[in-house]
Amino acid sequence: MSYSSGFEGCKATGNVSGTQYVGGHTGYADNSTFTGCHATGSVNNNNSTGNGFGGFVGYLNNSTITGSTAAGSVTGYKWSSAFAGMVRGTDNLIKCASFGSVKSCNNACNAGGLIGGFSGTVTIDTSFSTANENGWWSGGFIGDAEGGTALIADSYCTGNVVGAGKQGAIVGNQGGVV
C-alpha cells in the first residue's frame with residue numbers, strides 16, 4: 001500500500017524533540033510533496049540513540065521538496081541534518097535552503113547541511129546551506145553518501161564543517177556517486 005501527501009505554503013515554528021525520525025516540519029515523509037514550506041523551530045534528540053533528525057524533515061523517501069527552508073538548530077544522533085536527516089528512494093530538493101546548525105554524536109554519526117545520509121537517488125538543484133555541521137562524518141551538503149547517486153547542480157554551501165572522523169566541504173563520507 002502506498003500513501004502520499006502534499007503540503008503547500010505552510011510554516012512550522014515550534015520546537016520538536018524525539019528519538020526517531022524527528023523533523024522541524026515533518027518527521028516521516030513518504031511519497032510526499034512540499035512547496036513553499038518553512039520550519040524555524042529547533043529539533044532535539046531526547047535520547048542518545050535514534051536515526052533521522054532534520055531541521056525540515058527527519059526521514060524522506062520518494063518525495064520532492066521545492067522552495068522550502070529550515071532555519072532551526074538540530075541536535076541529533078545518526079543521520080542528522082539542518083534540512084533532511086535520512087533520505088531514501090528517489091528524492092528531489094529544488095530551490096531549498098538550510099540555515100542554523102546541526103550537531104550529531106562523535107561516534108559513527110553524520111551531519112550534513114542539506115542531507116544527513118542517503119541511499120538511493122537524490123537531486124539537489126538550485127539550493128544552498130549556510131548551516132554549520134559538527135559530527136563524526138560531516139559535510140556542507142551531505143554527511144554520509146552511503147550508497148546510491150546524488151546530483152548536485154547550481155547549489156552552494158558556506159557553513160563551517162568540523163568533526164572527529166571524515167569531513168568535507170561538500171560530502172563528509174563518500175560511499176556512493178556524487
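This text goes with the structure placed above it.
In this report, the structure presented in the accompanying data block is examined. (Residues numbered from 1 in each chain as written. Predicted model: local features only at pLDDT ≥ 70, side-chain atom pairs only at ≥ 80, totals over all residues. Heavy atoms only, no water.)

Turning next to the pairing of strand 14 (residues 78-81). When strand 9 (residues 51-54) meets strand 14, the two strands line up parallel, connected through three bridges. Each bridged residue has a counterpart across the sheet, and for Gly54 the counterpart in strand 14 is Ser81. When strand 14 meets strand 19 (residues 110-112), the two strands line up parallel, connected through two bridges. Residue pairing across strands places Ser80 opposite Ala111, the latter belonging to strand 19. (Pairing = 2+ DSSP bridges. Helix = DSSP H or I, 4+ residues; strand = E, 2+ residues; numbered from the N terminus.)

Using the criterion set out here, one finds one disulfide in the structure. Across the disulfide from Cys105 sits Cys109; the S-S distance is 1.7 Å. Torsion about the S-S bond of the Cys105 and Cys109 cystine: about 70°, corresponding to right-handed handedness. Judged by relative accessible area, Cys109 falls into the buried class, the value being 0%. Of the cysteine sulfurs around Cys96, a residue in no disulfide, the closest is that of Cys37, at 9.7 Å. (Disulfide = S-S within 2.5 Å. Buried < 20%, exposed > 50% of the residue type's maximum accessible area, 1.4 Å probe, protein only.)

Inspection of the entire model under this criterion finds eight aromatic pairs. Centroid distance Phe56 to Phe83: 5.0 Å. Interplanar angle 5°. Geometry classified as stacked. Of the two residues, Phe56 is situated in the loop between strand 9 and strand 10 (57-61) and Phe83 in the loop between strand 14 and strand 15 (84-88); the sequence distance between them amounts to 27 residues. The interplanar angle of 5° and the centroid separation of 5.1 Å between the aromatic rings of Phe128 and Tyr156 together place this pair among those described as stacked. In this pair, Phe128 is assigned in strand 22 (residues 128-129) and Tyr156 in strand 27 (residues 156-157), connecting sequence segments 28 residues apart. Three or more aromatic residues joined by ring pairs make a cluster, and in this case those are Phe7, Phe34, Phe56 and Phe83. Arg88 extends its terminal NZ or CZ atom over the ring of Trp79, reaching a point 5.8 Å from the ring centre. (Phe/Tyr/Trp six-rings, centres within 6.5 Å; stacked < 30°, edge-to-face > 60°. Lys NZ or Arg CZ within 6 Å of the ring centre and 35° of its normal.)

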